[in-house]
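Each chain is listed here by its residues.
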Amino acid sequence: MSDVWIKDEDGPKVFTAGRLAWGAAAGEARRCRGFRPDDEDEWVADEPCSCYNCRYRRWTAQSFTCQKS
Amino acid sequence: MRILVCIDDTDNLESRGTGELASLLAEHLEVSGWGKASYVTRHQLLVHPDIPYTSHNSAMAFFAEISANFLPEFMTYAADFLTHESAEGSDPGLCIVEMGRLKSGSGLISFGVQCKQQVLTKAEAYAKARDLDIHLSEHGGTGQGVIGALAGAGLRLGGNDGRLKGQLRFDGKDSALSVAQLLAHPHVDAVRTEGGYHLLPIESVRLHDKVKSVLRGGESVLLVEPDTRGVAENCWKNLSRQQLKSY
């Protein structure tokens, strides 16, 4: 697990880089075997393959959690 | 008669999205010959630990002109549709506003704005719907989606929130189109910058990425910015998805 994630014992992984880390979110998605694009209307990143566009990301006030973790 | 329809919380992680269901509902209204639906808009609601949502907490809304005698049929259809088509584990809510009966447009709009800023309850949503004479119903799960459905209706009515569902398609994609050509699209009412400069009909816009419009001033607005890589003078380009994130 790269250093942009933290994980509580029972909870999902939290992306620590926030909501505007376009490069990091794209890089993580490229390395992720669980990436699956959300409905296009929910995409927010220009790069299609991005955690920000993944149906398993769940937005939080500061960032998102990964529901695949 | 004019109605405003909004649905929320119909999906789960694996299912089709609420936007698709809203489009299917609008489409059914038209193919049944009941009336004519507008475009669907997406409205972002509050993201908060106390709010149960699947992944993004957004509601989907559309206006429709419908023959009054078909309204009961449409309402029954919409309720059944949500009951049967919403995903397992979802908490779908349906809001249908008869615009002619709405007691206070500003009351509905303020509920929508409030819902983007604070956590509201089902009881508050039902009370507001009762006060304003709005149909609000739940169709599975906890029915928590009624809050977002009512809020989304308010935000759509306010006309200054959200993005249009889907993308705008033009024949001349990847080349510059004149503003007059863009305005000929049925879902483009205005072409302007975020700062409020309305482009002249003869100015040109280079279309790139997915072309999406936002709801501003009750209109579908294509937002643009100067195209610094453009070869022509005074050329513009549409804002990218990332730039539209906050809408």
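Residues numbered from 1 in each chain as written. Chains lettered and ligands numbered in written order. Predicted model: local features only at pLDDT ≥ 70, side-chain atom pairs only at ≥ 80, totals over all residues. Heavy atoms only, no water.

A. Structural view of the overall build of chain A. Assigned secondary structure in chain A consists of 1 helix and 4 strands. What you see in chain A, going N to C, is helices and strands ordered as β-β-α-β-β. Whereas a compact globule of 69 residues would reach a radius of gyration of roughly 11 Å, chain A reaches 11 Å, a difference of no more than 12%. By its C-alpha atoms, chain A is 30 × 25 × 20 Å across when sized along the principal axes. Taking all 69 residues of chain A together, the buried fraction comes to 45%. Put simply, 33% of the contacts in chain A that link residues at least 6 apart link residues at least 24 apart. When the accessible surface of chain A is split by element, carbon and sulfur atoms take 49% of a total near 3700 Å². Separation of charge centres in chain A, based on 11 positive and 12 negative side chains, amounts to 5 Å. (Helix = DSSP H or I, 4+ residues; strand = E, 2+ residues; numbered from the N terminus. Rg over C-alpha atoms; globule rule 2.2 N^0.38 Å. Buried < 20%, exposed > 50% of the residue type's maximum accessible area, 1.4 Å probe, protein only. Contact = heavy atoms within 4.5 Å. Areas by Shrake-Rupley, 256 points an atom, 1.4 Å probe, with all protein chains shown as cover. Lys, Arg positive; Asp, Glu negative; His and termini not counted. Charge placed at Lys NZ, Arg CZ, Asp CG, Glu CD.)

B. Geometry of the pairing of strand β9 (residues 190-193) of chain B. Residues and elements named next belong to chain B. Going residue by residue along β9, you find Ala-190 and Arg-192 tucked away on one face and Val-191 and Thr-193 tucked away on the opposite face as well. Pairing between β9 and strand β12 (residues 219-226): 4 bridges, direction parallel. The partner of Arg-192 across the bridge, within β12, is Leu-223. (Pairing = 2+ DSSP bridges.)

C. Structural detail: the domain arrangement of chain B. Residue and element names in this part refer to chain B. When the domains of chain B are assigned, the result is domain 1 (2-163) and domain 2 (168-246). One C-alpha centre belongs to domain 1, the other to domain 2, and the line joining them spans 29 Å. On the side of domain 2, 13 residues touch domain 1, which itself brings 9 residues to the contact. Carbon and sulfur atoms supply 54% of the area buried between domain 1 and domain 2, which totals about 800 Å² over both sides. At the surface where domain 1 touches domain 2, the tally comes to 0 salt bridges. For the side of domain 1 that touches domain 2, the class distribution of residues is 1 nonpolar, 5 polar and 3 charged. (Domains from an automatic or database assignment. Buried area = accessible area lost by both parts, 1.4 Å probe. Salt bridge = Lys/Arg side-chain N within 4 Å of Asp/Glu carboxyl O. Nonpolar A, V, L, I, M, F, W, Y, C, P; charged D, E, K, R; others polar.)

D. View of the side chain of Asn57(B). With respect to the element layout, Asn57(B) can be found in the loop between β3 (41-44) and β4 (58-66). If we ignore the near neighbours within four places in the chain, the residues touching Asn57(B) are Asp8(B), His43(B), Gln44(B), Leu45(B), Leu46(B) and Ile51(B).

E. Looking closely at helix α5 (residues 145-158) of chain B. Residues and elements named next belong to chain B. Here α5 spans 20 Å end to end across 14 residues, near enough to the 20 Å set by a 1.5 Å rise per residue. Most of α5 sits inside the fold, with 12 of its 14 residues counted as buried. Within the span of α5, buried status applies to Gly-145, Val-146, Ile-147, Gly-148, Ala-149, Leu-150, Ala-151, Gly-152, Ala-153, Gly-154, Leu-155 and Arg-156. Immediately downstream of α5, the backbone of Gly-159 shows phi near 75°, a positive value. (Expected span 1.5 Å × (residues − 1).)

F. Representation of a nonpolar patch on the surface. Nonpolar side chains collect at one region of the surface, where Tyr197(B), Leu200(B) and Ile202(B) lie side by side and expose about 340 Å² of accessible area between them. If you trace the backbone, Tyr197(B) turns up in the loop between β9 and β10 (204-206). (Patch = residues over 30% accessible without salt bridge, like charges linked within 9 Å, V, L, I, M, F, W, Y side chains within 5 Å.)

G. Summary view of helix α3 (residues 105-115) of chain B. All names here are of chain B. When we look at burial in α3, the residues that qualify are Gly-107, Leu-108, Phe-111, Gly-112 and Cys-115. The arc enclosing the buried residues of α3, seen along the axis, measures out at 140°, which places them on a common side. Where the residues of α3 are buried, they touch β5 (93-98), α4 (122-132) and α5. (Arc of directions from axis to C-beta.)

H. Region of the structure containing the interface of chain B and chain A. Contacts between chain B and chain A engage 28 residues on the former and 23 residues on the latter. For the pairing of chain B and chain A, the buried interface totals around 2100 Å² over both sides, and the portion due to carbon and sulfur atoms is 40%. Put simply, Glu40(A) and Lys210(B) hold a salt bridge, and the shortest N to O gap is 3.9 Å. Along the contact surface separating chain B from chain A lie 21 residue pairs in polar contact (both at pLDDT 80 or more). Secondary structure elements with two or more residues in the side of chain B that touches chain A: β4 and β7 (163-164) of chain B. Among the residues forming the side of chain B that touches chain A, the class breakdown is 7 nonpolar, 11 polar and 10 charged. (Polar contact = N/O pair within 3.5 Å; in protein donor to acceptor, adjacent residues only side chain to side chain.)

I. Spatial organisation of the confidence of the model for chain A. In this model, chain A carries an average pLDDT of 93, and 99% of its residues clear a pLDDT of 70 or more. Mean pLDDT across the elements of chain A bottoms out in strand β1 (residues 5-7) of chain A (92) and peaks in helix α1 (residues 22-31) of chain A (97). (pLDDT = per-residue confidence, 0-100.)

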